[in-house]
Amino acid sequence: MLPRTRAALVLAAAVVSTGSLVAALPVAAAHRARTDSAVVAMPSLDAQIIARINAVRAQRGLSRLRLSVRLRSAADFHSYEMIRHGYFSHDSADGSSPWKRLGRFYPAAGYRRWQVGETLLWYSPDVDAAGAVGDWLGSPEHRAILLAPGFTEIGVSALHATAASGSFQGQEVTLITADFGLRLR
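Given the structure is predicted, the values throughout are model-derived calculations rather than measurements. (Residues numbered from 1 in each chain as written. Predicted model: local features only at pLDDT ≥ 70, side-chain atom pairs only at ≥ 80, totals over all residues. Heavy atoms only, no water.)

Asks: Can you break down the pairing of strand β7 (residues 173-184) residue by residue, with the values?
Replies: Counting buried residues in β7 gives eleven out of twelve residues, a clear majority hidden from the surface. Note that strand β5 (residues 113-124) and β7 share eleven bridges and pair antiparallel. Across the sheet, residue G117 finds its bridge partner in β7, namely F180. Bridge analysis of strand β6 (residues 153-161) against β7 gives nine bridges, and the strand direction is antiparallel. (Buried < 20%, exposed > 50% of the residue type's maximum accessible area, 1.4 Å probe, protein only. Helix = DSSP H or I, 4+ residues; strand = E, 2+ residues; numbered from the N terminus. Pairing = 2+ DSSP bridges.)

Set out below in structure tokens:
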């Protein structure tokens, strides 16, 4: 793990499922948010997080997660939305639920089985893949999502903001959304 000062760590987890399964539980390189904060996408961190999650899953005999462009788009949208509006939640800025947001990007229509899950994390000022995945594994709710055998796909979006507004109180933060999914016809 990279040396860092851990000023803030917040974790959140959500899972939803429909159908026959019982619930078990590219963006621009830079973007200006409402504040003068520069917001930068971190695609190398995205890839490292996916690799780290897959390594942990492989150690436990679970299948690797495939990158889903649709889930990555959902994660990108949500990470930018949280930074832009200065909040941290699975719900969208308009109050809609995470499964509705995920369903817009990763639709359930036409599938007999659909399941999604999401983990969120923010650090000030930054975090590496080992730190993010390690913290998720340390939380029972997050661990259940990362190690759910039913998930087959993933999309990750890590963003770094130099001065995030709202709940982030102007801090330099790194925010990560990881969206998990399964769709079977």
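Asks: Tell me what's going on with the pairing of β6, and back it up with residues and numbers.
Replies: In terms of burial, β6 is largely enclosed, as nine of its nine residues are buried. Going residue by residue along β6, you find E153, G155, S157, L159 and A161 tucked away on one face and I154, V156, A158 and H160 tucked away on the opposite face as well. Here strand β3 (residues 38-41) runs beside β6; their pairing, made up of three bridges, is antiparallel. Residue pairing for β6: V40 is matched across the bridge by H160. Where strand β4 (residues 66-67) meets β6, two bridges bridge the pair, whose relative direction is parallel. What sits directly across from R66, in β6, is E153.

Any link to function would need more than the numbers given here.
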